[in-house]
Amino acid sequence: MPEAAAAAVAFVVTTGQAVATAAQMALTYAGWSSAQIAFAATVAVEGAKFAATTAASALLSGKPRVEGSVTAFRADTDAGIPVAYGRVGCAGLINYRVAYDATNRYQSLFCTVSAGPIKSFVSFSADETETLFDSTLNKSMTGDHVGFMWLKTNLGTQPQTALTSPTGVGAGIPAPNWGSSHKLNGLASYVLTMFENSKLSEYQGGVVKPLHVIEGVYGWDPRLDSTYPGGVGTCRLLNPSTWVWIEEGAIAALNWCIGRWAGDSGSGTYGVPYACSLIAGIGSSLEGIDVESFVNAANAADANGWKVCAYPTTKDDKYAVLRNLLQASGAVPSRKAGKISCISHGASQASVVSVTAADTSGPVEVSLGQSRLERFNTVLPRFWSEDHRWDMVQAQPVTDAAWTAEDGGKRSRGIDYPNVPSANQAAQLAYYDIANTREAINGTVSFKPHMRRIEPGDCFTFNEPGFLLDGIKVKCLRRAYDPMTGGVRITFRQETDAKHTAAVAQSVGVPPEKSVGIPPATYVDPPTDFSIGTPTGDPELSWRNPLSLSFNAIEFKIGTSSDYSLAVPGSSTIPGAPGAYDFFTDTGLSPGTYYYWLRAIDVDGNYSDPIGPESVVVA
């Protein structure tokens, strides 16, 4: 095949016959036969279908947690070790539970909340009531169980002193069969001790439902490591004592790739990557990780103010964990030269190179977006909400009026953002997810060896007059290297810069919970048999109270005219038994004519309709 044909660009467009015809003419001019053109068209169509399918599947979240809800208090000897990133709420896993003393009125639970060390235990709630403890005896000072509960915590340092149940005056007795050898090294943990009162009414044979809010693990941030290119600071990968608290998704993902390590390295230092025992995460060597890509994603997330709140365990799918951590930073997992990598979609990028037909070594396969029947324009995002007791909560829908108009109506899809802590962040990521799938052009192109400089995540621009893609910036999503020819095959997608400004501007709230129906207004029976007399010269009001058991009191109002709106409450509210006849004498009135009304009040403070007026003349 002549060189001109090798450099020619083939267009196969899923919609638009005019463009397809133009592509066929271009190939014919380049010397391609009808059979070659037909074959190229078939390959291009299949490539376009693959690109569309891949783009749609990229929106799906990773596999769900296999360990259940993080707020579930569980006793499971086969449970995975959790790793907390950012600020999270959790109940913990029971390692040891024991009831003791002569009548088993003490009960202690020794529990793990995360691999450690973590930054802090922020707060503790028992049965959804926040509880504070004194710093001397660790005894509860507030909440529903004041003086009957104790709490002690360890941050998960290595080595770590064993937790023991509180002892001393007013602090209970130690739990049996748990001593100094039970250190839980490298695991953030707590012991909760409860004491039942003599009436057995404090806990009624059960235990409280605990919830800790914690700030999770520390890790290596290469941006704060002066030995890493571009880094500034003293944070060092092989010195855990220099690590910083992780609160951003891409740095959490990087540390998940490196893994969590525990035990003595042999030199008196603990938890050193690659020198100790891997307890969580992937455990890849640093040479197997494209660190730069994670740094770029972290910088973009920081610029947008995005955080992470994650609680994966060692039982969860490792790739799913990586995917969900990166999702919180607007990034997706990728591979670069066999290394674990990622692509950030959270910021605009400059084009690294302009390409022409002379740089290609084969046809360009193009798909002009998804079918109108397949694409969506609205996302219903769900995020992990601290304000809703650490449950997944749906934020308000995210869309764009132009998209809805283009599609002729709303086409929605629900997407979970399980490691995202705020509605606005979820909305911004949702906008990106929609905008990326609606980019007009997807495709693949084969380049000559010198174009290996284009890496996944890089943007480049086509510069070929008369070419469909001339002047269009695209983003490299995948790169495949052919060792036989030295060429590369790149899968790309159009990159529109305007979407970044629109995405980070998204601000939404959480819709109110759906009502199960509005209850009817509360009806209160009014009093009956109302009359007024003056046997002593002062008005004496008599009536019969309502029969309802919810009746609580009678209120009277008094005025100098028959207009109820001008009446004022009397000097007191008159209680009485339901159904009983009652009376009240109003004293101290000046001479004149007065009008009275009565209304009943129930135990919830609801009023009946007033009865009256009854008038009386005071001499």
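Above this note sits the structure.
Residues numbered from 1 in each chain as written. Predicted model: local features only at pLDDT ≥ 70, side-chain atom pairs only at ≥ 80, totals over all residues. Heavy atoms only, no water.

A. Expanded view of the overall build of the protein chain. Helix and strand content of the protein chain: 9 helices and 31 strands. Here the protein chain, with 619 residues, has 47% of them falling under the buried criterion. Long-range pairs, those at least 24 residues apart, make up 68% of the contacts in the protein chain between residues at least 6 apart in sequence. When the accessible surface of the protein chain is summed, it comes to about 28,300 Å², and 54% of that surface belongs to carbon and sulfur atoms. (Helix = DSSP H or I, 4+ residues; strand = E, 2+ residues; numbered from the N terminus. Buried < 20%, exposed > 50% of the residue type's maximum accessible area, 1.4 Å probe, protein only. Contact = heavy atoms within 4.5 Å. Areas by Shrake-Rupley, 256 points an atom, 1.4 Å probe, with all protein chains shown as cover.)

B. Inspection of unusual backbone geometry at higher detail. Cis geometry is found at the peptide bond from Gly116 to Pro117, where omega equals -5°. Assignment of secondary structure puts Pro117 in the loop between strand 3 (106-115) and strand 4 (118-126). Following Gln158, the chain continues into Pro159 via a peptide bond in cis, with omega recorded as -10°. Along the chain, Pro159 turns up in the loop between strand 6 (149-154) and strand 7 (187-195). Positive phi outside glycine occurs at Asn177, with the angle close to 60°.

C. Fine view of the sheet that holds strand 2 (residues 93-100). Pairing is antiparallel across the open sheet formed by 4 strands, whose spatial order is 2-3-7-6. Two strands lie at the open edges of the sheet, namely strand 2 and strand 6, each paired on one side alone. The average angle at which neighbouring strand axes cross in this sheet is 15°, direction not considered. (Pairing = 2+ DSSP bridges. Axes fitted to C-alpha atoms, helices over the stretch in contact; angles between N-to-C directions.)

D. Fine view of the pattern of salt bridges. As enumerated under the stated definition, the model contains 19 salt bridges in all. Residue Arg438 is joined to Asp407 by a salt bridge in which the shortest nitrogen-to-oxygen separation is 2.8 Å. With Arg438 in the loop between helix 8 (423-437) and strand 21 (442-447) and Asp407 in helix 7 (residues 401-407), the pair connects residues that are 31 residues apart, well separated along the chain. On the basis of relative accessibility, which here comes to 15%, the residue Arg438 falls in the buried class. By relative accessible area, Asp407 is classed as buried at 1%. Counted as one network, the salt bridges with shared partners bring together Arg375, Glu406, Asp407 and Arg438. (Salt bridge = Lys/Arg side-chain N within 4 Å of Asp/Glu carboxyl O.)

E. Region of the structure containing helix 4 (residues 249-258). Within helix 4, 10 of the 10 residues are buried, which leaves the element mostly enclosed by the surrounding structure. Buried within helix 4 we find Gly249, Ala250, Ile251, Ala252, Ala253, Leu254, Asn255, Trp256, Cys257 and Ile258. The N-terminus of helix 4 is capped by Glu248, whose side-chain oxygen sits 2.9 Å from the backbone nitrogen of Ala250. Looking one or two residues past helix 4, Gly259 carries a phi angle of roughly 100°, positive in sign. (Polar contact = N/O pair within 3.5 Å; in protein donor to acceptor, adjacent residues only side chain to side chain.)

F. The arrangement of the pairing of strand 4 in detail. Bridging between strand 4 and strand 8 (residues 210-219) involves 7 bridges; their strand directions are antiparallel. Directly across from Ser120, in strand 8, lies its bridge partner Glu215. Sheet topology places strand 4 next to strand 5 (residues 129-130); 2 bridges connect them, and they run antiparallel. Among the inter-strand pairings, Ala126 is bridged to a residue of strand 5, identified as Thr129. Connecting the antiparallel pair strand 4 and strand 5 is a turn made up of 2 residues, with Asp127 showing a positive phi of about 55°.

G. Structural detail: the side chain of Thr193. As for its placement among the helices and strands, Thr193 is situated in strand 7. Reaching out from Thr193, the side chain makes a polar contact with the side chain of Ser108 at a distance of 2.8 Å.

H. Broad picture of the sheet that holds strand 25 (residues 528-533). Across the sheet, which stays open at both edges, the 3 strands sit in the order 25-26-29 with antiparallel pairing between neighbours. Both edges of this open sheet fall to strand 25 and strand 29 (581-585), since each of them pairs with a single strand only. Strand after strand, the sheet turns through a mean of 15° between neighbouring axes, direction not considered. Taken together, the 4 bridges between strand 25 and strand 26 (residues 540-544) define a ladder with antiparallel strand orientation. Within the sheet, the bridge partner assigned to Gly533 lies in strand 26 and is Glu540.

I. Structural context of the nonpolar core. Counting residues in hydrophobic clusters, the biggest one holds 87 residues, and the most contacted among them are Tyr85, Met149, Phe294 and Leu325. In terms of residue count, helix 8 provides more of this core than any other element does, 9 residues in total. Beyond its immediate sequence surroundings of up to four residues, Met149 is in contact with Phe124, Ala126, Phe133, Asn138, Lys139, Ser140, Leu192, Thr193, Met194, Tyr203 and Val208. Counting residues in hydrophobic clusters, the runner-up holds 19 residues, among them Val353, Val364, Ile472 and Val488. (Core = buried A, V, L, I, M, F, W, Y, C linked by side-chain atoms within 4.5 Å.)

J. Main features of the packing of helix 4 against helix 5 (residues 291-304). Where helix 4 contacts helix 5, the two axes come as close as 8 Å, and the packing angle between them is 155°. As summarised for this structure, helix 4 and helix 5 are arranged roughly antiparallel, according to the angle between their axes. Facing Ala250, Ile251, Ala253, Leu254 and Cys257 of helix 4, the residues of helix 5 in contact are Val291, Phe294, Ala297 and Ala298. Per-class residue counts for the contact of helix 4 with helix 5 are 9 nonpolar, no polar and no charged. (Parallel < 35°, antiparallel > 145°, perpendicular 65-115°, else oblique. Nonpolar A, V, L, I, M, F, W, Y, C, P; charged D, E, K, R; others polar.)

K. The packing of aromatic side chains, seen in detail. Applying the stated criterion across every chain yields a total of 21 aromatic pairs. Look at Tyr106 and Phe195: their rings are 4.6 Å apart centre to centre, the planes differ by 40°, and that puts the pair in the tilted class. Residue Tyr106 is found in strand 3, and its partner Phe195 is found in strand 7; the two are separated by 89 residues along the sequence. The pair formed by Tyr106 and Phe195 is uniform in burial state, with each residue classed as buried. Relative to Tyr228, the ring of Trp220 lies with its centre 6.5 Å away and its plane at 85°, an arrangement referred to as edge-to-face. Residue Trp220 is classed as buried on the basis of its relative accessible area, which comes to 2%. Above the ring of Tyr564, the side-chain terminus of Lys557 is found at 4.7 Å from the ring centroid. For the cation-ring pair, Arg599 lies above Tyr607, with the distance from its terminal atom to the ring centre recorded as 3.9 Å. (Phe/Tyr/Trp six-rings, centres within 6.5 Å; stacked < 30°, edge-to-face > 60°. Lys NZ or Arg CZ within 6 Å of the ring centre and 35° of its normal.)

Limitation: the analysis is restricted to geometry and does not speak to function.
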